[in-house]
Structure formats: structure tokens, C-alpha cells
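An overview of the molecular structure
So the chains spell out like this:
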Amino acid sequence: MKKAWWKESVVYQIYPRSFQDSNGDGMGDLPGITARLPYLRELGVDVLWLSPFYKSPGKDNGYDISDYRDIDPQFGTLADFDVMLAEIHRLGMKLVIDLVVNHTSDQHPWFQASRSSRDNPYRDYYIWRDGVDGGPPNNWGGCFSGSCWTYDDATGQYYLHTFGDFQPELNWENPKVRQEVYDMMRWWCDRGVDGFRMDVISFISKTPGLPDGPVHPGALYGDFGPYVINGPRVHEFLQEMNREVLSRYDLLTVGECAGLTVDQACLYANEDGRELTMAFQFEQSDLDNGEHGKWDTRKIRLTDLKAVLSRWQYGLEGKAWNSLYWCNHDQPRIVSRLGDDSTPILRERSAKALALCLHMMQGTPYIYQGEELAMTNGRFDSLADFRDVESLNAYREMTESGQMDPERMLACLRYKGRDNARTPMQWTAGPNAGFTDGTPWIGVNENCRDINAAEQMGRPDSVYSFYKALIRLRHEHEIIVYGRFDLLLPEDEQLFAYTRELEGERLLAVCNLSGREASFTLPEGFERGELLISSMADTALSGTMTLRPWEAFAVLCGDGA
Ligand code: TEU
């Protein structure tokens, strides 16, 4: 397998709006990030990925961009950006920025021009169609509820949007659109960025004719998936982007690929470097979906999780590169989802077990801000506490259509809503967790009194210290980066155990992902191995072990051991 810096890196995702406010407006900003860089250096991460900070009306917290080449005043200025980037580089880290080019904001000048008349030169930058029988051009429903089509009075046609009606879809069939995007990307590369996280890049190519999608039982609209996800020209477009931009720099590029399969990943993230360096899959995050998609409260079965993650480990071995994640700004907090946040001890232990389980696999690990502190889901007493457009729209659609009663839907939002990830970073036990002197744009979790960076940084057995140790181990042991993965005990509902192997060295990771004791027999050779890390202070290796609730450890054994 080819070596590369982005394979050996650990990435830390920052959601700028919720990381650190520097000017008291209740919203995080770039100078706030710059001020917190020493914290990230201390943690040891190599790469920072920043969610959008571009000029935006902010209806989807920046994933609705109105100017790709400027900073939103809420986050600062281009000069603040340059200072931040220089400081990131000075501290030996790299910066990956979010590339949101499946759609723009409806306030983007291109869309303003496009909607102004049918013969405007920008008309074809977006996807316009005539209605059919007094309704939209097809039956597709959007990710943020409602139809994928919005009628525009000015020109009497509908425009396509797979997300909010304020996020019109760019028309990638138009070569001018593609050149605009590549130009803009080169502009950021020349400014010094080290890579791109590409928002819903698997959606950019639509099947010509835009046929109606299947209507699943209970759904109000047709599914656009078969005609939008991994569409007919997506790989052609990415190879063109690679020739025009990516191959000219040394970048980490990660495609956010809803609807990704292992086979598709081998195209998007192939070792041959023709497209991207890696991709995010959604299979693991969709495991607790139910009859209403993500709006459910069921738990993920461990055997299902192992089946999915190991399929990705085996499927990409030697062919493409995995990204490893539990959390991001769209997912609930992992300790509340897969771990146990009911008491401080269980919360810390389960967070460590989950961290170890992910970080010993093959792929580039992503840590989402606050995950390294075992931050939990937020507390949302009523609908008024939520901010996310996806949650608010879904609540309206699901309750008004009678698909779910309001209490049940609120329970789903509390468990799965994206706002869980977006409550402010918990720096201290003080007012607003040290995030802002003003009024935060979304409620700070009151558990910041117990869960905060200040308390954990100096404590050797904290979750923060544990993440720091995992990152250091990855930097010290090539086997953690490149070793071949093998799953043990696929049918076990408590233990997630696997081995890694590289040039005669073997590594074993065993994680009790349950609140009950579990018995485990060490494979040949590992009793005399070196215990690299454990979620408990006193793990002792022996032939047959009884693992305590959430006990997890990794052992290394060398050639012939
Ligand atoms: O997300 C795309 C996506 O497919 C999902 O994760 C999604 O947002 C869905 O709501 C999950 O329930 C990306 C961004 O990460 C997300 O924040 C944006 O809202 C979205 O694209 C639109 O740009």
C-alpha cells in the first residue's frame, strides 16, 4: 500500500459557529479558532477541517453559500483567515476547508441572475424545468422535507434543490459551472489550504430526464436516490476536477458521499489517485434508521455495526482508503448514541472504549469537536430549543401529515437531531462554558459544569488524555495506520474485537461495547504482548479474561512473540 501523509494523519473537525466566540456576539468565529489552536496542537491532531465560514445567509449554518471567495462577517474577514492559516501552519498542522458545490444559496449572485429571466447567461447554472400537470416536474422529495422543486414566479419554471428551497442545485452538466468551481478551488489552494471536504459530492451528477423515483411505504414523496446519488457522470466530473485542480497540489480530499457503497468507494477514493484521497460512507450512521428514515430512537445492534465496519475494512484494503468517524456536525453525539451517558464513570469509560474501537482501525480518523471530551447530546426541552432547519422542517412535515405524534417526534429530534452536535464547545465550567461572553446562538449544555476541557486537560485518566494517547500511538506505530484488518467474533453482541497485521507485527484491539461483563480468550501470542492502551487503569493480560463493562484495550506483539 502506498504511503501518504493524509493516511498517517488524524483530522479534527471544527464547526466554527460553535467552537469559540471572540467578540461577544454569541457566534464562534475565526479569531476564536486562532486563539484555541494551542489546545489542538496539545491534543496532537495533524489536520483541521473547518465547516463553512463563507459568506452566507446562514439558513443551513453556512452550507448555503452566497460568496465562495469571502468570509461571512459573523466569522471575521479574509485577513482573519490568513492569520489563522499561517498560525495553523506555524504549529505544524494543516487546514482542510469545506467545499459546498452541489448547491449555492439562493442569494448567490449566480442564482439571482439565473432566476431573473429565461435567457440570462446564468440561467443554465441551475436546473430549471417546466411543471407537469400544474405540479412540480417530478415526484422527488428533499432532504429537508417537502418537494425538491420550488416554483419561481418571475420566470414560470421550477428549480431543483435536494436540500432546502434556499439551496438551489448547481447544474454540473454546464461546463462553465465546473470551470467556475475549479477556478475558485485553485484560488483557495493558492491561498494555502491543504485540502477539501466535499459536501454531498456524490449528488452532483443527475440522470438525464430526471425520472420519478420510487415511493417507499409511508413516504410522501419519491426517492431521488437512484437518479442523483453516484449519478452517471460523477466520476467523470471528479476526474476532470482532479486534472484541473487536485493533481496540481498536495491535498487531502474527502468526499462526503451519502449513498456510498464499497464498490463506489473504490472509484471515488482509488489508490491510483484519479479522483479523491478518501470518502465518508453513511452505512454505519444509517444503521439505526427506522420506518421514518433517521427519525427513530432505536439502538444500533453491535453485530450490525461490526458487519458494516468490517466490510469497509476488507473491501478497501489495498484498493482505496477509509475515513473513520463516529461524529460530525450532522450526527448525534456518539457517547449518547452507542455509549452510556447516564453516569460520569460510565460516560468516560464508554467514550474511551468507542474511541479505541475506531482509532485502531485502518483509515484516517476524524474527531469532531468535543468528542475528545465525551460531550453528550444536548438538552432540548421544547421545539423552541432547536435551531436546525432539518429538524424544524421535519417536525412540521411529520406532525402535520399525521405520520408521527408531536411527543414522539420530539423524542426523535432529541435523540437524532443535528443540533446535538452543534451545542457550544465546552471549554470551562464557567458561564456559557467559556464559549462566549454574549448570548450563545444555541443553548450551552448545562453539563459543562462537569464536562469541559479545563478539567480534562491536566487529568491523566480523562477522555481528552485518552484521545491524546490514541493519536500519539497512531503516530508511533505504522501498524495502526497500514496494518491489515481482521475481525474476530462477528456474532458476539458485546465485544468488538479485531487484529491488525503488518510485516510480522500483530496488534489486537478488544472492546467491550456493553455495560455487562464479557469473557474473551486472547489469541495465541498476545498474553506476552505489550499493552499499548486501556480504558481502565488496571487491565491485566491473561489467557482467558473477564472484561468489565466498557473495558477496552489494545495489545501489540512483535515477530515470533
Ligand atoms: O450533509 C449531507 C447529508 O447527506 C446529510 O448528512 C444530511 O445533512 C442529512 O440531513 C442527515 O440527516 C451535508 C452537510 O454535512 C450538512 O450539514 C448540510 O446540511 C447538507 O450537506 C447540505 O449542504
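Quick summary incoming for the structure in this document. Keep in mind that what you see is a predicted model, and the values were worked out from it rather than measured.

The local shell around the ligand holds 18 residues, among which Asp-60, Asp-199, Asp-330, Glu-390 and Arg-418 are the closest. One of the side-chain nitrogen or oxygen atoms of Asp-60 is found 2.5 Å away from an oxygen atom of the ligand. When the ligand sits alone it has 490 Å² of accessible area, and the protein chains cover 93% of it. Along the lines of polarity and charge, the residues of the shell around the ligand split into six nonpolar, three polar and nine charged. Taken together, domain 1 (11-104 + 175-382 + 423-467) and domain 3 (383-422) each give at least three residues to the shell around the ligand, which thus spans both.

On the basis of which strands lie adjacent, the open sheet formed by three strands has the order S6-S8-S7 and antiparallel pairing. Taken across any chain shown, the strands that pair with only one partner, and hence form the sheet edges, are strand S6 (128-129) and strand S7 (149-152). Examined bridge by bridge, S6 and strand S8 (residues 157-160) share two bridges and lie antiparallel to one another. In the sheet register, Trp-128 faces S8, and the bridge partner there is Tyr-159.

With that out of the way, let us pick up empty space enclosed by the protein. Enumeration according to the criterion identifies five cavities of 30 Å³ or more in this entry. Within this model, the largest cavity holds a volume of roughly 60 Å³. Considering the residues around the largest cavity, the lining is formed by Trp-49, Arg-197, Glu-256, Phe-280, Gln-281, Phe-282, Tyr-325, Asn-328 and Asp-330. Its residues assigned to classes, the lining of the largest cavity comprises four nonpolar, two polar and three charged.

What follows covers the pattern of salt bridges. Using the criterion set out here, one finds 37 salt bridges in the structure. The partner of Glu-271 in a salt bridge is Lys-7, with the nearest N and O atoms 2.7 Å apart. Of this pair, Glu-271 sits in the loop between helix H7 (262-268) and strand S11 (278-280) while Lys-7 sits in the segment before strand S1 (11-14), placing them 264 residues apart in sequence. Overall, the relative accessible area of 17% leaves Glu-271 in the buried class. The partner of Arg-311 in a salt bridge is Glu-283, with the nearest N and O atoms 2.9 Å apart. Note that Arg-311 is positioned in helix H8 (residues 302-316) and Glu-283 in the loop between S11 and H8, a separation of 28 residues in sequence. When its relative accessible area of 22% is taken as the criterion, Glu-283 is described as partly exposed. In the salt-bridge network here, residues are joined through shared partners; they are Asp-60, Lys-294, Asp-330, Asp-388, Glu-390, Arg-418 and Arg-422.

Reading guide: rules and limits
- Residues numbered from 1 in each chain as written.
- Predicted model: local features only at pLDDT ≥ 70, side-chain atom pairs only at ≥ 80, totals over all residues.
- Heavy atoms only, no water.
- Near = heavy atom within 4 Å.
- Polar contact = N/O pair within 3.5 Å; in protein donor to acceptor, adjacent residues only side chain to side chain.
- Areas by Shrake-Rupley, 256 points an atom, 1.4 Å probe, with all protein chains shown as cover.
- Nonpolar A, V, L, I, M, F, W, Y, C, P; charged D, E, K, R; others polar.
- Domains from an automatic or database assignment.
- Pairing = 2+ DSSP bridges.
- Helix = DSSP H or I, 4+ residues; strand = E, 2+ residues; numbered from the N terminus.
- 1 Å grid on protein atoms, 1.4 Å probe; cavity = no way out; pocket = protein on both sides within 12 Å on 5 of 7 lines; lining within 4 Å.
- Points joined across faces, edges and corners; volume = space filled by probe spheres on them.
- Salt bridge = Lys/Arg side-chain N within 4 Å of Asp/Glu carboxyl O.
- Buried < 20%, exposed > 50% of the residue type's maximum accessible area, 1.4 Å probe, protein only.

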